[in-house]
Amino acid sequence: MWTPMIRAARCGAVASCGLRASMATPAHQRTVSSRWLASKSNQGKFKLVATDLDGTFMGDDGLPPWLQSPSPRNIAAVDELMERNIYFVLISGRMIVNMAPLLHAMGDRVSRNRSTFIAGYNGGVLVGPPTSVLDKMGETRTLLLDNKMPEHVIQSAVDYARQEGLLMKVYSRKNGICSLTSCGDFDYDEKQADFFYGCGEFAYPPNHDVAMTRLDAGKLAELAKVPFPITRMEWDTEAIVALEPHKIVVLTDDPDRHLEGASKALSAISQPLRPVIPAQHLVRGNFWFEYMPAAVNKSTTLARLAESLGLTLDECVAFGDSSNDYEMLRDAGMGIAMANAREDVKQVATYSSAHTNNEDGVGFEIEYLIEKGMFHEW
């Protein structure tokens, strides 16, 4: 359910309008050869910046998400956005509880600013600026968008993961509490399985070339206190439905094969419900794939947020690197892919940065856009 926001006072008479007509423009017509060409006709245009986290805004430091902090250069760039009253959005596949601390790490000017928003679960949940702050791990933010998965999709995910012997992770924030529930065993080669962390068994370095480190529950507790409940569950569909998941992640060493199989299984179970139930969203990861609610992705959420602020996607800058950033970088007025981004993501972006996430790519590009006068002067 979408809860309309009260527009910031500075938006004044800026008219709200629908998605820009150019959203469907073919990628080859939108891609340009240099960031100078991309900025040439955009002076003073952009009023919102949205950035993905892992592989984009955050470096590969090997720390659990709840212990990470953005780089000094990226923090300084966001602070410059706050100085100019530019809206700033963290938008990620992460849980909200693993995202809010990053705003706090950037200081009160960012974390308590009325221009900051957080979208987790690949846009499945959107929260507004803080209404009260308890500490870095506890605050009250207004829930603006809350997409949950239909029961038949959950059933399909459970059936497929169980049948294939895959580990399934269920992400939920029922009653405002973020939680992670896992079902199944994790038997892949450690070098292939660098994604899974938590549940008292594994901690992971995000570098895919580094083998996973096995940790027992005690050692994991010494490493870091996980700031959200983690439980293990049998293949109990009814209990999983009761969690009201926002997304389900299935881990695999062969995501392409299983994405095809999961898609066929989901289509079969969804067919009797059509056209009442639209096609569901399946997203590929490096060693996993995700089930998402229908028509939910970072672009659709960013569009709804922009509209509520009296903006359009054409007035937004977006940063990303991976498959779940594809639509957002394609549809934003300025979509910027990191140097380490997937090639298909680079193809739909306005341009690719010369810098990777480990080289403060987001910070460098924000500095460039400020230098060229790309941001709106309120």
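Every value quoted in this text rests on a predicted model; they were computed, and no experiment measured them.

Moving on, we get to helix α3 (residues 72–83). For α3, which comprises 12 residues, the first-to-last C-alpha distance of 16 Å matches the rise-based estimate of 16 Å (1.5 Å per residue) to within 8%. Buried positions along α3 lie against β1 (48–51), β2 (87–91), α4 (100–105), α5 (108–111), β3 (116–120) and α13 (361–371).

As a further point, take the pattern of salt bridges. Evaluated as defined, the whole model comprises 19 salt bridges. Where Glu244 meets Lys148, a salt bridge forms, and the shortest distance between an N and an O atom there is 4.0 Å. Of this pair, Glu244 sits in the loop between α8 (237–242) and β11 (247–251) while Lys148 sits in the loop between β5 (138–146) and α6 (151–164); the two residues are 96 residues apart in sequence, bridging distant segments of the chain. For Asp325, the salt bridge is made with Lys298, and the minimal N-O distance between the two is 2.6 Å. In this pair, Asp325 is assigned in the loop between β14 (316–320) and α11 (326–331) and Lys298 in helix α10 (residues 298–308), connecting sequence segments 27 residues apart. Connected through salt bridges with shared partners, the residues Asp52, Lys298 and Asp325 form a single ionic network.

Further remarks concern the pairing of β1. Across the two faces of β1 the burial is the same, with Leu48 and Ala50 and Val49 and Thr51 all buried. As defined by bridge partners, β1 adjoins β2 across 4 bridges and the pair is classed as parallel. Within the sheet, the bridge partner assigned to Val49 lies in β2 and is Phe88. Direction of pairing for β1 relative to β14: parallel, over a ladder of 4 bridges. Bridging across to β14, Val49 finds its partner in Val317.

Overall, the predicted model of the chain reaches an average pLDDT of 75, with 68% of residues at or above 70. Across the chain, element-level confidence peaks in β1 with a mean pLDDT of 98 and bottoms out in strand β8 (residues 202–203) with 31. Long-range and interchain partners of residues 1–33, a stretch whose pLDDT sits below 50, account for 70 contacts in this model, where long-range means more than four residues apart. Predicted confidence is poor over residues 133–138, with pLDDT under 50, and the contacts of this stretch with residues over four places away or in other chains come to 11 contacts.

Another aspect to go through is a negative patch on the surface. Taken together, the side chains of Glu151, Glu234, Asp236 and Glu238 define an acidic patch exposed on the protein surface. Locating Glu151 in the fold gives a position in helix α6.

Considering all chains together, one arrives at 5 aromatic pairs under this definition. Ring centres 6.1 Å apart and planes at 55° place the aromatic pair Phe57 and Phe88 in the tilted group. Of this pair, Phe57 sits in the loop between β1 and α3 while Phe88 is found in strand β2, placing the two residues 31 residues apart along the sequence. Grouping residues by exposure puts Phe57 and Phe88 together as buried. An aromatic cluster of three or more residues is present, and its members are Tyr160, Phe289 and Tyr291.

For the rest of this paragraph, the subject is the side chain of Glu290. Structurally, Glu290 can be placed in strand β13 (residues 288–292). A polar contact of 2.5 Å, which involves the side chain of Glu290, links it to the side chain of Asn122. Among the polar contacts made by the side chain of Glu290, one reaches the side chain of Trp288 at a distance of 3.1 Å. Those residues within four positions of Glu290 in sequence are excluded, and the remaining contacts are Asn122, Lys247, Ile248, Val249, His281, Leu282 and Val283.

The biggest cluster of nonpolar side chains holds 45 residues, and the ones touching the most others in it are Val49, Phe57, Phe88, Val317, Ile366, Leu369 and Phe375. In this structure, Phe88 is in contact with Val49, Thr51, Phe57, Val78, Leu81, Met82, Leu103, Met106, Ser115, Thr116 and Phe117, ignoring residues within four places of it in sequence.

Reading the values: rules and limits
Residues numbered from 1 in each chain as written. Predicted model: local features only at pLDDT ≥ 70, side-chain atom pairs only at ≥ 80, totals over all residues. Heavy atoms only, no water. Helix = DSSP H or I, 4+ residues; strand = E, 2+ residues; numbered from the N terminus. Expected span 1.5 Å × (residues − 1). Contact = heavy atoms within 4.5 Å. Salt bridge = Lys/Arg side-chain N within 4 Å of Asp/Glu carboxyl O. Buried < 20%, exposed > 50% of the residue type's maximum accessible area, 1.4 Å probe, protein only. Pairing = 2+ DSSP bridges. pLDDT = per-residue confidence, 0-100. Patch = residues over 30% accessible without salt bridge, like charges linked within 9 Å, V, L, I, M, F, W, Y side chains within 5 Å. Areas by Shrake-Rupley, 256 points an atom, 1.4 Å probe, with all protein chains shown as cover. Lys, Arg positive; Asp, Glu negative; His and termini not counted. Charge placed at Lys NZ, Arg CZ, Asp CG, Glu CD. Phe/Tyr/Trp six-rings, centres within 6.5 Å; stacked < 30°, edge-to-face > 60°. Polar contact = N/O pair within 3.5 Å; in protein donor to acceptor, adjacent residues only side chain to side chain. Core = buried A, V, L, I, M, F, W, Y, C linked by side-chain atoms within 4.5 Å.

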